[in-house]
Amino acid sequence: MSQGATAGSSRIPAPASAPRPVSSAAPTQGKEQRVTKQRLAVSAALDDLADFVSTQELHRILQERGSTVSLATSYRILQSLADDGLVDVLRNADGEAVYRRCAVTGHHHHLLCRNCGKAVEVEAPAVEAWAARIAKEHGFTAVEHTVEIFGLCPECTALQVGA
């Protein structure tokens, strides 16, 4: 989802380049950031999470780990990481920004479980070709897009069938 993030009607600007996984030590792209213990704590927590997380959820995790990162600082750090393309960001069904460090280094999309929040990274060459063709047909240039597919993961589907 490196080309901007939307779900519903909200839009978050695209980072200057595709997100890359990084170690929790320091960013490797974007503007130079001071490496603080708060930034390291946020980055380490993101490294440990498999799914998208809201700032408040991340703050709760940090508190459980004994970190003293404030909620306001958590917001600032996550926005900085998103601005630098170091995390993917999108809006969940409630319109809240959620963040995730993705393993895929290039432009990609996500399958998202609307029940448990599980996220699967997907590359979609057919979508890329379609977007380029539609943009060209209408004379658009410098085009960005994102595709997020919401549904139920296999585990949540099984729970619903069994209920």
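What you are looking at is a predicted structure, and each value in this text was computed from that prediction instead of being measured.

Asks: Would you mind going over the nonpolar core with me for this structure?
Replies: When a protein is soluble and globular, its nonpolar side chains tend to lie buried together. Ranked by internal contacts, the top residues of the largest apolar core, which has 17 residues, are Val42, Leu46, Leu58, Leu62, Leu81 and Tyr99. Excluding residues within four positions of it along the chain, tyrosine 99 makes contact with Asp51, Phe52, Val53, Thr55, Leu78, Gln79, Ala82, Val87, Asp88 and Val89. Counting residues in each nonpolar core, the second largest holds five residues, with Phe52, Leu90, Val98 and Leu112 among its members.

Asks: How should I be thinking about helix 3 (residues 71-83) in this particular structure?
Replies: Owing to its 3.6 residues per turn, the α-helix brings residues three or four apart onto one side. For helix 3, built from 13 residues, the straight-helix expectation of 18 Å at 1.5 Å per residue is met to within 8% by its first-to-last C-alpha distance of 18 Å. Taken together, the buried positions of helix 3 are occupied by Thr73, Ser74, Ile77, Leu78, Ser80, Leu81 and Ala82. On its buried face, helix 3 is in contact with helix 1 (37-48), helix 2 (55-64), strand 4 (88-91) and strand 5 (97-100). At the exit of helix 3 stands glycine 85, carrying a positive phi of roughly 75°.

Asks: Explain the packing of helix 2 against helix 3 to me, please; I cannot follow it from the model alone.
Replies: Angle between the axes and distance between the axes: these two values describe a pair of packed helices. In contact at an axis separation of 9 Å, helix 2 and helix 3 are set at 120° when each is read in the N-to-C sense. For the element pair helix 2 / helix 3, the angle class is oblique. Like other packed secondary-structure pairs, helix 2 and helix 3 cross with a definite hand, here right-handed. Residue-level inspection shows Thr55, Gln56, Leu58, His59 and Leu62 of helix 2 in contact with helix 3, the latter providing Leu71, Ser74, Tyr75 and Leu78. Partitioned by chemical class, the residues of the contact of helix 2 with helix 3 number five nonpolar, four polar and no charged.

Asks: I keep staring at the pattern of salt bridges and nothing clicks. Help me out?
Replies: Side chains carrying opposite charge are able to pair once their charged atoms draw close together. Evaluated as defined, the whole model comprises five salt bridges. Between arginine 133 and glutamate 137 there is a salt bridge; the shortest N-O distance is 2.9 Å. Here arginine 133 and its partner glutamate 137 are both found in helix 4 (residues 125-137), four residues apart, which amounts to about one turn of the helix. Residue arginine 133 is classed as partly exposed on the basis of its relative accessible area of 44%.

Asks: What exactly am I supposed to notice about the sheet that holds strand 3 (residues 53-54) here?
Replies: Pairing between sheet strands relies on hydrogen bonds along the backbone, with the strands arranged either parallel or antiparallel. Read across the sheet, three strands follow the order 3-5-4 without closing on themselves; strand pairing throughout is antiparallel. The outermost strands of the open sheet, each flanked by one partner alone, are strand 3 and strand 4. Pairing analysis gives two bridges linking strand 3 to strand 5, with the strands arranged antiparallel. By the bridge assignment, serine 54 is partnered in strand 5 with valine 98.

Thresholds, definitions, all that
- Residues numbered from 1 in each chain as written.
- Predicted model: local features only at pLDDT ≥ 70, side-chain atom pairs only at ≥ 80, totals over all residues.
- Heavy atoms only, no water.
- Core = buried A, V, L, I, M, F, W, Y, C linked by side-chain atoms within 4.5 Å.
- Buried < 20%, exposed > 50% of the residue type's maximum accessible area, 1.4 Å probe, protein only.
- Contact = heavy atoms within 4.5 Å.
- Helix = DSSP H or I, 4+ residues; strand = E, 2+ residues; numbered from the N terminus.
- Expected span 1.5 Å × (residues − 1).
- Axes fitted to C-alpha atoms, helices over the stretch in contact; angles between N-to-C directions.
- Parallel < 35°, antiparallel > 145°, perpendicular 65-115°, else oblique.
- Left-handed = near helix turned anticlockwise from the far one by under 90°.
- Nonpolar A, V, L, I, M, F, W, Y, C, P; charged D, E, K, R; others polar.
- Salt bridge = Lys/Arg side-chain N within 4 Å of Asp/Glu carboxyl O.
- Pairing = 2+ DSSP bridges.

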